[in-house]
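Residue-level listing of the chains:
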Amino acid sequence: MCFLLKEKKPLCCLQLAQVCEHCSYRNAKEYQWQNKTIILAADYASNGIYNFIIPLRAHFRSKTSLNPIILLLERRPDIAFLDAISYFPLVYWMLGSIDCLDDLLRAGITLAENVVVVNKELSNSAEEDTLADCNTIVAVQTMF
C-alpha cells in the first residue's frame, strides 16, 4: 500500500548525476524539487534500503508531500535492486561516499531535510571496539 508508478522508470533515469537521453540533470539542485530531499548513504544496496523506502511512499501521504530519496552508494547496485526501486516515484541513486564533499554536493546535501548514514565500519570494528564508527562520526561532523 504505497505510491508506485504505473510503468517503471528507465534504469538510466534512476541515476541522479548521470545524463541520459531522457534527462540532462547532473546534480540534485538542477531537478528543482518542491520538497526537501532525503539522502541515504550506504556502501551497497540491500533489502533494508527497499524496506526504508516503502514507508516513505506510504499511501496515506499525499503525492505533493513526497520527498525525493537519494541513495548515495559506494558500490553499483545490481539490476534486480534497480528494477525493484524503478517503480517508486522520486527515488534516485548515485555512486559516491559521505567522505567526499563533491559527492555530497551532487547528491544535494544542502537541499536535504534528512540524511541517514548506514554504518560500514567493519574493518575498524575488527581492530578495536571503541573506534568502530570513527569514520562515520567524522564524516557526519563534516556534513554538519
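Residues numbered from 1 in each chain as written. Predicted model: local features only at pLDDT ≥ 70, side-chain atom pairs only at ≥ 80, totals over all residues. Heavy atoms only, no water.

Visitor: What is the right way to look at helix α3 (residues 47–56) in this model?
Guide: Since one α-helical turn is 3.6 residues long, residues separated by three or four positions face the same way. Inspection of α3 places Ile 49, Ile 53 and Leu 56 among the buried residues, and these make up the whole buried set. All buried residues of α3 lie within an arc of 60° about the axis, which places them on one face of the element. Away from the buried face of α3 by more than 90 degrees, exposed residues Asn 47 and Asn 51 are located. Here the buried face of α3 lies against β1 (37–42), β2 (69–73), α4 (79–85) and β3 (91–95). (Buried < 20%, exposed > 50% of the residue type's maximum accessible area, 1.4 Å probe, protein only. Helix = DSSP H or I, 4+ residues; strand = E, 2+ residues; numbered from the N terminus. Arc of directions from axis to C-beta. Contact = heavy atoms within 4.5 Å.)

Visitor: Looking at this model, I keep getting lost on unusual backbone geometry. Mind explaining?
Guide: Phi is mostly negative for residues that are not glycine, and the peptide bonds are mostly trans. Even without being a glycine, Gln 32 presents a positive backbone phi close to 50°. By secondary structure assignment, the location of Gln 32 is in the loop between α2 (28–31) and β1. Unusually for a residue other than glycine, Leu 90 sits at a positive phi of about 60°. Here Leu 90 lies in the loop between α4 and β3. In this structure Leu 90 comes out as partly exposed when scored by relative accessible area, which is 23%.

Visitor: Just to check I follow, could you spell out the pairing of β3 for this structure?
Guide: The two faces of a sheet get side chains in turn, since along a regular strand they alternate between them. Here β3 lies mainly inside the structure; four of its five residues are buried. With five bridges joining them, β2 and β3 adopt parallel strand pairing. Bridging from a neighbouring strand, Leu 72 pairs with Met 94 of β3. In the classification by handedness, the crossover that spans β2, the intervening α4 and the parallel β3 is right-handed. (Pairing = 2+ DSSP bridges. Right-handed = clockwise from strand over helix to strand, strands pointing away.)

Visitor: Looking at this model, I keep getting lost on the sheet that holds β2. Mind explaining?
Guide: Two strands in a sheet stick together by hydrogen bonds in their backbones, pointing the same way (parallel) or opposite ways (antiparallel). What the four strands build is an open sheet, ordered β3-β2-β1-β4; its pairing is parallel. The open sheet has two free edges, formed respectively by β3 and β4 (112–117), since each of these has just one partner strand. Here the average twist between neighbouring strands, direction ignored, is 20°. (Axes fitted to C-alpha atoms, helices over the stretch in contact; angles between N-to-C directions.)

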